[in-house]
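# Observations on the model geometry
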Amino acid sequence: NFIGMYAQMCQRLAKDLPELSDDDGVLPFTEVLVGKCRSEFELMGKEPERENLEGLSAEDRDHKLKKLRQRTLGNVEFIGELFKKQMVGLEELEGLVNKLLDTSPDDHDNIQPLVKLLESVGKPLEASSKDKMDGYFGRIQELAGQAGLSSRYKFMLLDLKDLRAKDWVPRRAAAGPQTLEAVKKEVDKENRFVEKPKDKEAEKK
């Protein structure tokens, strides 16, 4: 809900606070920001390792992993927004796309972040190199035809191909700016679906 706003805020901070300093010296704000995004991305697929999940029930573990994967997905979308604001370079973005495309036949968790990223940056990315985009979609075609791929992921990839064929114009226009009250209602509605159900025994007490 707030990724676009966060990217705008970082663009403003890069102008108002161009450098950060600590005991190790001075670094440009944008370099620190991109480094943080990169380190978060490198943790993709390692959610069980980055958090202590031992001793949790199966339900709690699944809930925790879902939240971590939502965070990973948000980070990838955020990088795409920073690219469109020229705060992330083309080389950095291409490296990210290539890593997302390098998914194994047994692990398809990279597909949704890949689709979300290309939905966001596909048009400017293709403008920079159509040949590279052709290569990406050759790999996407391979992924869509993998045995054992769920229909959900397959349709995500096929919809992405359709989006490119329509010059990256989505069927539905992106929602415009919302009031703070409208955003709060949307977040409250979303939280009702992701919050873990209350323990019935606790409710009795």
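Residues numbered from 1 in each chain as written. Predicted model: local features only at pLDDT ≥ 70, side-chain atom pairs only at ≥ 80, totals over all residues. Heavy atoms only, no water.

## Remarks on the pattern of salt bridges
What counts here: Salt bridges are counted wherever a side-chain nitrogen of Lys or Arg sits within 4 Å of a carboxyl oxygen of Asp or Glu. Helix and strand definitions here come from DSSP, where helices need a minimum of 4 consecutive H or I residues and strands a minimum of 2 consecutive E residues; each element is numbered from the N-terminal end. Exposure classes here rest on a 1.4 Å probe applied to the protein chains alone. A residue is buried below 20% of its type maximum, exposed above 50%, and partly exposed in between.
Under the definition given, this model contains 12 salt bridges. In this structure, Lys36 and Glu40 form a salt bridge, with 3.7 Å as the shortest nitrogen-oxygen distance. In this pair, Lys36 and Glu40 both sit in helix H2 (residues 29-42), four residues apart, roughly one turn of the helix. Taking the shortest distance from any N to any O, the salt bridge between Asp134 and Arg164 comes out at 2.6 Å. On the criterion of sequence distance, the pair formed by Asp134 in helix H7 (residues 130-144) and Arg164 in helix H8 (residues 151-165) is long-range, its members being 30 residues apart. A relative accessible area of 33% means that Asp134 is categorised as partly exposed. The class of Arg164 is buried, set by a relative accessible area of 17%.

## Let's talk about the pairing of strand S2 (residues 25-28)
Quick note on the threshold: The pairing criterion for strands is at least two bridges between them, as found by DSSP.
As judged from the four bridges shared by strand S1 (residues 19-22) and S2, these two strands associate in the antiparallel manner. Paired with Ser21 across the bridge in S2 is Val26. Turn length for the S1-S2 hairpin, with the two strands adjacent in sequence and antiparallel, is two residues.

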